[in-house]
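# Understanding the architecture of this molecule
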Amino acid sequence: LFHSRLLRRDPQKGLVNDLALSYRANADRTIWTVKIRSDARFTDGRSLTAEDVAYTFEKRAKSGLESFVLKKAIAKNAHEVEFH
C-alpha cells in the first residue's frame, strides 16, 4: 500500500508538507486548517479533494482502532480542510 500523508516529520521532528501546501492553527491549537495540493491524484487518476481527506479522517476517528483525538474534519472548499 502506497499513500501520501498531509504532513510528515523531518529528522529533527519538524513538520514537512506532503499532500499539504500549507497549514495553520488557531491560537489555542484546537482548529487546524490545511490547504492540500491541487495536483494530488488517486491511482485511478481522480483528483484528491478536501472532501476525500475529511472523509478519511472522520472514518479513522470513528474506527476505534487507536486513540485518535479529532472532533470533526470539514472540507471548507475543494482544497482546504479544517480539523477540530
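Here the structure is shown first, and the text comes after it.
Residues numbered from 1 in each chain as written. Predicted model: local features only at pLDDT ≥ 70, side-chain atom pairs only at ≥ 80, totals over all residues. Heavy atoms only, no water.

## Let's talk about the packing of aromatic side chains
To be explicit about the condition: Side-chain rings of Phe, Tyr and Trp, where Trp is taken by its six-membered ring, are said to pair if the distance between their centres is within 6.5 Å; with planes under 30 degrees apart they count as stacked, over 60 as edge-to-face, and otherwise as tilted. Think of it this way: any DSSP run of H or I at least four residues long counts as a helix, any run of E at least two long counts as a strand, and we number them from the N terminus. Burial status follows relative accessibility: with a 1.4 Å probe on protein chains alone, a residue under 20% of its type maximum counts as buried, one over 50% as exposed, and anything between as partly exposed.
Per the stated rule, a full pass over the model turns up two aromatic pairs. Consider the rings of Phe-57 and Phe-83, whose centres lie 4.8 Å apart with planes at 65°: the pair is edge-to-face. Within this pair, whereas Phe-57 is found in helix H1 (residues 50–62), its partner Phe-83 is found in strand S6 (residues 80–83), the two being separated by 26 residues in sequence. Judged by relative accessible area, Phe-57 falls into the partly exposed class, the value being 26%.

## Some thoughts on the sheet that holds strand S4 (residues 32–36)
So the rule is basically this: Pairing between strands requires that DSSP locate at least two bridges from one strand to the other. Structural elements are reduced to axes, namely lines fitted to C-alpha atoms, with helices fitted over the stretch in contact, and the angle between N-to-C directions of any two is expressed from 0 to 180 degrees.
With antiparallel pairing, four strands are arranged side by side in an open sheet as S3-S4-S6-S5. Of all strands in the sheet, those bounded by a partner on one side alone are strand S3 (20–25) and strand S5 (73–77). Between one strand and the next, the sheet's axes are offset by a mean angle of 20°, whatever the strand orientation. Pairing analysis gives four bridges linking S4 to S6, with the strands arranged antiparallel. Across the sheet, the residue bridging to Thr-33 is Glu-82, located in S6.

## Observations concerning the pairing of S4
Strand direction decides the pairing type here: S3 and S4, joined by five bridges, are antiparallel. Counterpart to Tyr-23 in the pairing with S4 is Val-34.

## Thoughts on unusual backbone geometry
The phi angle at Lys-13 is positive, at roughly 75°, despite the residue not being glycine. Examined against the element boundaries, Lys-13 turns out to sit in the loop between strand S1 (7–9) and strand S2 (15–17). Judged by its relative accessible area of 60%, Lys-13 falls in the exposed class. Even without a glycine there, the phi angle at Arg-29 is positive, about 60°. The residue Arg-29 is located in the loop between S3 and S4 in this model.

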